[in-house]
Amino acid sequence: MREHTERLRRASLSRLCQIFGRWLPADLLAGQPGSRHRSYPLSLTFWAFLSQVLNPGSPCREIVRKVQFWHRRRHQAMPSSSTSAYCQARARLPLEKLKQAHESLADHLDAGADSGDAFAGHRLRVIDGTGLSMPDTSANQKQWPQPSTQKPGCGFPVIKLVAIFCLRTGALLRWAQGTLHEHENRLFKQLYQFFLPGDIVVADRGFSGFGQFAELITREVEMLARIHQRRKVDWRKGKVLGPRDRLVQWQRPYRQGDLFSAVEWADFPETIWLRQLEIDFDVPGFRTRKIVVVTTLMDPERYPADELARLYLRRWKVEVFYRDIKQTMAMDILRCQTPAMINREIHLHTIGYNLVRALMNDIAQRFEVDVARLSFKGTLDSLRQWGSALEAPNLSPRVAADERDALYETIVNDQLPERPWRSEPRAVKRRPKNYRLMTKPRPQMIVENSRKASQKPAASRTN
C-alpha cells in the first residue's frame, strides 16, 4: 500500500510540480494514513485542476485524457475515461488547504519585494474591485444573485471581489468577495487586518472616504488615493507646502452611514490631517490632464510631490493584473455549477496566477532584469508549450535542470519593449456578432426567421 501511494505521489509530479512545487507547502494535500485508494488522490487532483485553470478553455475530458496519457507513457494503469471520477475528486479538495497554499505562496512572493525608490522600506499595496460571472444555476443564483436589471432566466450570477495586490511583484495577496449588491468599501473593510504598520495603500477615489482614511491612520497604515468626486477642493485653505500642495483638515461627517457601527464611528477622531496635491500630466490616451490626490504621507522632503505623482500613476498596474488573471487565465467567466466548487475554482485561479508571478520574479532575479519587462502571457504560453520536454519519462535530474534553464532563457529573451506612457484606451476594435439578445428564458424564447417579422407588433403578425 505504501509503495502504491508513493507511486501515485510521483505520478502527480508533472512539469507543474517540478517547476512550481518549491513555492508550495511541502505537506500540501498529503494523503491521510490509512485512507482508501483512489484513482485521483488529492495531490494528483490538485495538479490536474491547476493544469486546467492554466489552460483556459480546457474541458474536464481533456484533463482526464492528459492524466491517462501521462500514466500510459509510464506503463501504469490508466484511470477511467469518464470525467465523473475527476469531477468528484475536485469536489473533495479541502478548501482550507487551498487557502493555506494561497497564503503561503503570497507571503513568499511578498517577502523581499523592495526597491531603491523613495518608498524603500514600505510595502506597496494597490487595491481595486472587479466582478466575475458564472453559470446560471439555482445554487449560484441563490448565493450570488444576478443584476436586478436583468430578467429572470436571462442573466448570470455575479460575484464581486476586492483584492490586494503587491505593486512591485504583481502578486495577488488577499481578497474579499461578496454579492453584486455589496459596496466595495464593505469588502475592503474585511481586508484591513492584512495591512501592517508602514504599508502604503494606493487606491482610486471609490476608497477615499473619511472612514477609510481614519481607519488606516489608526492602524499606522499610509494611503494614497484620488479625492472623491463629491468632495470640494479649495486651494485657499490649508497649510501651503508647495504649488498645489497643501495640508488640509477633514472633519468627521455627522452621518456615519451603514458601513461603520456607531461605536466604530465614535472612536474615529473629530478631524484628520491629510496632504492634498494636484497632479498635472500629459499622457496620450489618458482622459484627464489634472487629478487631485490625498495622502497620509505628509513629509514633502521625504515624499516629494513628483514621486507621489509617479506612485499614483502606477496604480494603473492593478488593471493589468486583473487583465492577466481574468482575460489571460479566463477567470472572468467561471465554469463550476455550485458555490462550493466556485470557491475552489477561484482559489485555484489565484494560486495559478501567483505561481506564474513567482516564476517571473525568479527569472527576473536570476537574470537581473526588471520583472515589468517580462510578459505574463508570454510566460504562460512558454510554460504550456515547454511541457512536453519536462514531462518525458525517466528524465534525469541533470537533463531536467537543463530543460528548465532553457525555459528560463526563452522567457527572458522575449521581453516586452519599453513603452512609457503608452496609450491604452479602453476600447474594442473588433465588433461583436449581431446576435439577438435573450429577453425571456430560453424555453420560452421564440426567434422569428425574419428579424423584420420579429420586430412587428404581435397583433399584426396574427392577422
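Overview of the structure. In this text, all values refer to a predicted model and were calculated from it rather than measured experimentally. Positions within a chain are numbered from 1, following the residues in the order the chain's sequence is written. Reporting in this predicted model follows two pLDDT cut-offs: at least 70 for local features of residues, and 80 or more for side-chain atom pairs to be given and counted; totals over whole chains, interfaces and linings ignore these cut-offs and use all residues. Excluded from the side-chain calculation are hydrogens and water; included are all heavy atoms of the structure.

### So, the overall build of the protein chain
Here is step 1 of the chain: A tally of helices and strands in the protein chain yields 18 helices and 9 strands.
Here is step 2 of the chain: Any residue under 20% of the maximum accessible area for its type is buried, any over 50% is exposed, and the rest in between are partly exposed; the area is computed with a 1.4 Å probe on protein chains only. Burial analysis of the protein chain (463 residues in total) assigns 44% to the buried set.
Here is step 3 of the chain: Look at the contacts in the protein chain between residues 6 or more apart in sequence, and 67% of them connect residues 24 or more apart.
Here is step 4 of the chain: Surface accessibility follows the Shrake-Rupley procedure with a 1.4 Å probe radius. Residue values consider only the protein chains on display as shielding. Total accessible area computed for the protein chain in this model is approximately 25,400 Å², and 50% of it derives from carbon and sulfur atoms. Helix and strand assignments follow DSSP, with helices taken as H or I runs no shorter than four residues and strands as E runs no shorter than two, numbered in order from the N terminus. Residues are treated as being in contact if the distance between any of their heavy atoms lies within 4.5 Å.

### Looking at the nonpolar core
Here is step 1 of the chain: The term nonpolar core refers to a set of buried residues drawn from Ala, Val, Leu, Ile, Met, Phe, Trp, Tyr and Cys, joined through side-chain atoms within 4.5 Å. Core analysis: the biggest nonpolar cluster contains 120 residues, and Phe20, Phe46, Phe165, Phe195, Trp250 and Leu359 have the highest contact counts within it.
Here is step 2 of the chain: For this core, the leading source of residues is helix α13 (residues 339-367), giving 13 residues.
Here is step 3 of the chain: Setting aside residues no more than four positions away along its own chain, Trp250 makes contact with Ser208, Gly209, Phe210, Phe213, Ile227, Arg231, Glu270, Thr271, Ile272, Leu274 and Val294.

### Overview of empty space enclosed by the protein
Here is step 1 of the chain: A 1.4 Å probe that fits but cannot get out identifies a cavity on a 1 Å grid over protein atoms alone, an open set with protein on both sides within 12 Å along at least five of seven lines counts as a pocket, and a residue lines either if it has an atom within 4 Å of a point. Grid points are joined across faces, edges and corners, and a volume is the space filled by probe spheres set on the points. The full count for this structure, using the stated rule, is 2 cavities of 30 Å³ or more.
Here is step 2 of the chain: Space inside the second largest cavity adds up to approximately 40 Å³.
Here is step 3 of the chain: As for the second largest cavity, its lining consists of Leu161, Ala163, Leu172, Trp175, Tyr322, Met331 and Thr350.
Here is step 4 of the chain: For the lining of the second largest cavity, the elements supplying multiple residues, two or more each, are β2 (158-166) and β3 (172-179).
Here is step 5 of the chain: When residue character is reported, Ala, Val, Leu, Ile, Met, Phe, Trp, Tyr, Cys and Pro are called nonpolar, Asp, Glu, Lys and Arg charged, and the others, Gly included, polar. Residues of the lining of the second largest cavity, tallied by class, amount to 6 nonpolar, 1 polar and no charged.

### With respect to the environment of Asn354
Here is step 1 of the chain: Position of Asn354 relative to the elements: it lies in helix α13.
Here is step 2 of the chain: Looking at Asn354, the relative accessible area reads 0%, which means it is buried.
Here is step 3 of the chain: In this structure, the C-alpha to C-alpha distance between Asn354 and Leu173, residues 181 residues apart in sequence, is 8.7 Å.
Here is step 4 of the chain: The residues touching Asn354, leaving out its near neighbours within four places in the chain, are His102, Leu105, Ala106, Leu109, Ala171 and Leu172.

### With respect to the side chain of Asp362
Here is step 1 of the chain: Here Asp362 lies in helix α13.
Here is step 2 of the chain: Among the residues examined, Asp362 registers a relative accessible area of 17% and is labelled buried.
Here is step 3 of the chain: Ignoring sequence-local partners within four residues, the contact set of Asp362 consists of Arg22, Trp23 and Tyr408.

### Structural notes on the packing of helix α4 (residues 60-73) against helix α5 (residues 84-91)
Here is step 1 of the chain: To obtain each axis, a line is fitted to C-alpha atoms, and for helices this fit is confined to the stretch in contact; angles are then taken between N-to-C directions over 0 to 180 degrees. Relative orientation of the contacting elements α4 and α5 amounts to 100°, with a least axis distance of 9 Å. Viewed along their axes, α4 and α5 adopt a mutual orientation that is roughly perpendicular. Residues Cys60, Ile63 and Val64 of α4 form the contact with α5, whose own contacting residues are Tyr86, Cys87 and Arg90.
Here is step 2 of the chain: Classifying every residue of the contact of α4 with α5 gives 5 nonpolar, no polar and 1 charged. An angle counts as roughly parallel when it lies under 35 degrees, as roughly antiparallel when it exceeds 145, as roughly perpendicular when it falls between 65 and 115, and as oblique in every other case.

### Things to note about the side chain of Ser208
Here is step 1 of the chain: In this structure, Ser208 sits in the loop between β4 (200-203) and α9 (210-218).
Here is step 2 of the chain: Accessibility expressed as a relative area gives 1% for Ser208, which makes it buried.
Here is step 3 of the chain: We call two N or O atoms a polar contact when they sit within 3.5 Å, provided that within protein one can donate a hydrogen and the other can accept it, with sequence-adjacent residues counted only if both atoms are side-chain atoms. Here Arg205 takes part through its backbone oxygen, which lies 2.9 Å from a polar atom of the side chain of Ser208.
Here is step 4 of the chain: At a separation of 3.3 Å, a polar atom in the side chain of Ser208 contacts the main-chain amide nitrogen of His228.
Here is step 5 of the chain: Non-local contacts of Ser208, meaning those with residues more than four positions away in its chain, are made with Phe213, Ala225, Arg226, Ile227, His228 and Trp250.

### Focus: the pairing of strand β1 (residues 124-133)
Here is step 1 of the chain: The buried fraction of β1 is high, at 9 of 10 residues.
Here is step 2 of the chain: Being paired, for any two strands, means DSSP has found at least two bridges between them. Sheet analysis places β1 next to β4, joined by 3 bridges and oriented parallel. Looking at β4, one finds that Leu124 is bridged to Ile200.

### A word on the environment of Lys151
Here is step 1 of the chain: Following the sequence through the fold, Lys151 ends up in the loop between α7 (138-143) and β2.
Here is step 2 of the chain: Measuring from C-alpha to C-alpha, the distance between Lys151 and Lys440 comes to 7.2 Å, with 289 residues separating the pair along the chain.
Here is step 3 of the chain: Leave out the neighbours within four places in its chain, and Lys151 touches Gln146 and Thr439.
Here is step 4 of the chain: Here Thr439 takes part through its backbone oxygen, which lies 3.5 Å from a polar atom of the side chain of Lys151.

### Some details on the packing of aromatic side chains
Here is step 1 of the chain: Note on ring pairs: Phe, Tyr and Trp rings are taken, using the six-membered ring of Trp, and paired if centres are within 6.5 Å. Classes follow the plane angle, with under 30 degrees stacked, over 60 edge-to-face and the rest tilted. Counting across every chain of the model gives 16 aromatic pairs.
Here is step 2 of the chain: A centroid spacing of 6.2 Å and a plane angle of 35° characterise the contact between Phe20 and Trp23, whose relative ring orientation is tilted.
Here is step 3 of the chain: Judged by its relative accessible area of 0%, Phe20 is buried.
Here is step 4 of the chain: Relative to Tyr353, the ring of Phe165 lies with its centre 6.3 Å away and its plane at 85°, an arrangement referred to as edge-to-face. Taken together, the residues Phe165 in strand β2 and Tyr353 in helix α13 connect sequence positions 188 residues apart.
Here is step 5 of the chain: Here the aromatic cluster, defined as three or more aromatic residues joined through ring pairs, consists of Phe165, Phe321, Tyr322, Tyr353 and Phe376.
Here is step 6 of the chain: Counted as over-ring charges are cases with an Arg CZ or a Lys NZ within 6 Å of the ring centre that also lie within 35 degrees of the ring normal. If you follow Arg90 out to its NZ or CZ, it ends over the ring of Phe49, 4.5 Å from the centre.

### Quick notes on α9
Here is step 1 of the chain: In terms of residue burial, α9 counts as a mostly covered element, since 7 of its 9 residues are buried.
Here is step 2 of the chain: Of the residues flanking the end of α9, it is Glu220, one or two places downstream, whose phi is positive at about 60°.

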